[in-house]
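# Descriptive structure summary
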Amino acid sequence: MKKLLLIMMMGIFGISCSQQAPKVLKTGFSKEALAQKLENEKGKTVTIQQILDQHKGKVLVIDFWAGWCRDCLNALPKAKELEENNKNIDFVFLSLDRSKEGFARSLERFDMKDKENYWFATGWKNDFNNYVDLNWIPRYMVIDQKSAIAKYYAITPEDPEIQAAIDKLLK
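Residues numbered from 1 in each chain as written. Predicted model: local features only at pLDDT ≥ 70, side-chain atom pairs only at ≥ 80, totals over all residues. Heavy atoms only, no water.

### What to know about unusual backbone geometry
Note the following rule: Here a helix means four or more residues in a row that DSSP labels H or I, a strand means two or more in a row labelled E, and each is numbered from the N terminus. Note on exposure labels: buried denotes an accessible area under 20% of the residue type's maximum, exposed denotes more than 50%, and partly exposed covers the range between, all computed with a 1.4 Å probe on protein chains only.
Of note, the bond from Ile 137 into Pro 138 is cis; its omega dihedral lies within 30 degrees of zero at 5°. Position of Pro 138 relative to the elements: it lies in the loop between helix 6 (127-131) and strand 6 (139-143). One non-glycine residue with positive phi stands out, namely Asp 111, at about 55°. In this fold, Asp 111 is placed in the loop between helix 5 (100-109) and strand 5 (116-119). Asp 111 gets classed as exposed once you look at its relative accessible area, which sits at 56%.

Right, dumping it as structure tokens:
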């Protein structure tokens, strides 16, 4: 009986702690999501809209991560490989580190200072993350040349749909 109870509890815990693909795969952003503010490494505030505007005309991969996230750190070598194999597209890293100091430490510790990084000073729950149904990290999105979402939900940089979306957009 104890074994059965333990198995049931492990199953429930496992289900509640895993990424669940959103039921609706969005192709654009709300005004509220685009107005979400982040900070760059120097503490300058920037909105999602400004980030997208900087990359308009290019394919963009957004990588949600944090230095405290074991899954993110395990995925980091493959994320860097995806970036290395796609030099003709842009990558932006959105950090969910818990503090500005943690963000700075993570960039240094994981050799991310040469990349385009932003930090959600507002924390996990904010208009952008809520809109994109962010329920776990790492998470990857592919944005097309017109700032529309081409690949809404990927949980690993090895997801073949990421590369397929990139290749389709570059044709």
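### Here's the deal with helix 4 (residues 70-84)
Residue pairs spaced three or four apart in an α-helix point in one direction, given the helix's 3.6 residues per turn. The test is simple: How far a helix is expected to stretch is found by multiplying one less than its residue total by 1.5 Å. Two axes enter the bend calculation: one fitted to the seven residues ending at the residue in question, the other to the seven starting there, and the bend is the angle between them. What makes two residues a contact is simply this: any of their non-hydrogen atoms within 4.5 Å.
Between its first and last C-alpha atoms helix 4 spans 22 Å; for 15 residues at 1.5 Å apiece the expected length is 21 Å, and the two agree. Of all bends in helix 4, the biggest is about 45°, found at Leu 76, and the proline Pro 77 comes one to four residues later. Listed in full, the buried residues belonging to helix 4 are Cys 72, Ala 75, Leu 76, Ala 79 and Leu 82. The inward-facing, buried residues of helix 4 abut strand 3 (60-65), strand 4 (90-95), strand 6 and helix 7 (160-170).

### Some thoughts on the side chain of Ser 95
Position of Ser 95 among the secondary structure elements: in strand 4. Relative accessible area serves as the criterion here: at 0%, Ser 95 is assigned to the buried category. Setting aside its immediate chain neighbours within four residues, Ser 95 contacts Trp 65, Phe 103, Tyr 118, Trp 119 and Phe 120.

### Points about the pattern of salt bridges
What counts, and what does not: We define a salt bridge as a contact between a side-chain nitrogen of Lys or Arg and a carboxyl oxygen of Asp or Glu at a distance within 4 Å.
Counted under the stated rule, the structure contains 9 salt bridges. For the salt bridge of Lys 100 with Glu 39, the shortest nitrogen-to-oxygen distance reads 3.6 Å. Placement of the pair is Lys 100 in helix 5 and Glu 39 in strand 1 (residues 37-39), with a sequence separation of 61 residues. Classification of Lys 100 as partly exposed rests on a relative accessible area of 37%. Among the salt bridges present, the one from Lys 87 reaches Glu 84, with a minimum N-O distance of 2.6 Å.

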